[in-house]
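What follows is the residue order along each chain.
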Amino acid sequence: MRSTHTQRLPQYLQKLENTDMFNMIITGKCSKNCSFCFTEEEARKEKKYDDMSLDYIKEIVEKYEYKKRGHVLKLLGGEPTEHPQFLDIIEYAAKEQIPVYLISNFLFGTKIQEGILKHIDTFTSFLVNGAELAEKNRLKNFAKNFNKIAYQFARSKQGGKQKFTLAQTIPDTHYDVINFTEYLKSLKRELDFSNLGNIRIGLGLSGTYLLHNKKLGDKVAEILRFNRENRLGTQFDCQFPPCIFTDEHFKEFETPSFSLWNNVTANPDAKTFPGGICHMPAFDLMPDETLLYCYQTQSAISPKLPDLEKSVDPETLKDSFIGKLGAGLDHVVSQRLRASYLEEREKRPTLDECKSCHLYPQYCGSLCLGCYL
Ligand code: SF4
Ligand code: SF4
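Worth saying up front: this structure is predicted, and the values here are computed from it rather than measured. (Residues numbered from 1 in each chain as written. Chains lettered and ligands numbered in written order. Predicted model: local features only at pLDDT ≥ 70, side-chain atom pairs only at ≥ 80, totals over all residues. Heavy atoms only, no water.)

A few points about the site of ligand 2
Phase 1 of the analysis: Near ligand 2, the surroundings consist of Leu211, His212, Pro241, Pro242, Cys243, Cys354, Cys357, Leu359, Tyr360, Cys364, Ser366 and Leu367.
Phase 2 of the analysis: For ligand 2, the cavity whose grid points lie within 2 Å of the majority of its atoms is the largest cavity.
Phase 3 of the analysis: Grouping the amino acids of the shell around ligand 2 by side-chain chemistry returns ten nonpolar, two polar and no charged. (Near = heavy atom within 4 Å. 1 Å grid on protein atoms, 1.4 Å probe; cavity = no way out; pocket = protein on both sides within 12 Å on 5 of 7 lines; lining within 4 Å. Sits in = over half its atoms within 2 Å of the grid points. Nonpolar A, V, L, I, M, F, W, Y, C, P; charged D, E, K, R; others polar.)

This is how it looks when you write it as structure tokens:
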């Protein structure tokens, strides 16, 4: 979520705020196999990608001046803890004092758990996949890791329970048969929620099935009610078209401290801007050096990072007007990727249903490119 500090800055300077650095997809492997996973099956099971090497991670950290520019090393997969050198990566980050944001399924064994606890002060946030834990006796192992790490993290140097988030994805198929209220209650019986800050809700953003899909809105509402009853914060993943909610939903969740309407229409994390322009992509850097706008747009936007970097001379950038305003290589690269997004999005006409929608374009910018691919 953007800081209030960012919201106060004039617009031309907001663009030069630190960019959200790439998610480092350090491995394609993941043995959990969630039904909604964006990573293709061939990457998860058949090793389509090599693991990202520690040397390459170091190269990115240095080239993009993580330390100087205050960037966070965001580790993602697949399942990042299945990278054979995961603990070496954490050691390196700890030694260099680069904060780590870990996005993980928390189904690892004791060795990884101990390695994380040893360097708990290096971690700045956790986003933990809390979906589909009822199968294969997963919850037991998950709880062992969750309860110990969340407890220590809440008491660590950079931590705090508000930075520990459990992700719930509402898949794009069979979502109507999932009872999220019962599911979350079953998690609460095993997990110590006193060290948990938020539940993050995500939608499988893979199609126009989202439009006016009130059943989907009902599922989001089940999670929102659980959060309200358990005093947990709610985070929204990138896109939530307001047409999935009824007027009753908007009324039910309006309180002085939380507004569903505001979250889906004003929060840049949760809406796409007019014309389906995605404002805050994920920027996934793959082990083979391709940089994606986000996983959903992979088939349309996947340039090689070295190609995007070509023609940027760091010295010239430093002396340029935008360089003096604080722009770094991260800004140049992300602007180029945004330009590709706009080009691709414009090739797909906005849906007639959106053009005639009373919320378009002021309150909802239609569906993002990811939904067309
Ligand atoms: S393009 Fe769509 S799926 Fe991708 S980050 Fe943007 S809103 Fe999310
Ligand atoms: S503009 Fe389209 S996606 Fe947005 S609320 Fe209206 S119908 Fe739904």
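Some details on the packing of helix H4 (residues 54–63) against helix H6 (residues 86–96)
Phase 1 of the analysis: Relative orientation of the contacting elements H4 and H6 amounts to 30 degrees, with a least axis distance of 10 Å. Considering the angle they form, H4 stands roughly parallel to H6. Remark: the crossing between H4 and H6 carries right-handed chirality. Residue-level inspection shows Leu54, Ile57, Lys58, Val61 and Glu62 of H4 in contact with H6, the latter providing Asp88, Ile89 and Tyr92.
Phase 2 of the analysis: The class makeup of the residues in the contact of H4 with H6 is five nonpolar, no polar and three charged. (Axes fitted to C-alpha atoms, helices over the stretch in contact; angles between N-to-C directions. Helix = DSSP H or I, 4+ residues; strand = E, 2+ residues; numbered from the N terminus. Parallel < 35°, antiparallel > 145°, perpendicular 65-115°, else oblique. Left-handed = near helix turned anticlockwise from the far one by under 90°. Contact = heavy atoms within 4.5 Å.)

Brief notes about H4
Phase 1 of the analysis: Residues Leu54, Tyr56, Ile57, Ile60 and Val61 constitute the buried set of H4. What you see down the axis of H4 is that its buried residues fit within an arc of 160 degrees, all on one side. Residues of H4 that are exposed and angled more than 90 degrees away from the buried face: Asp55 and Glu62.
Phase 2 of the analysis: Positive backbone phi, at 50 degrees, marks glutamate 65, one or two positions downstream of H4. (Buried < 20%, exposed > 50% of the residue type's maximum accessible area, 1.4 Å probe, protein only. Arc of directions from axis to C-beta.)

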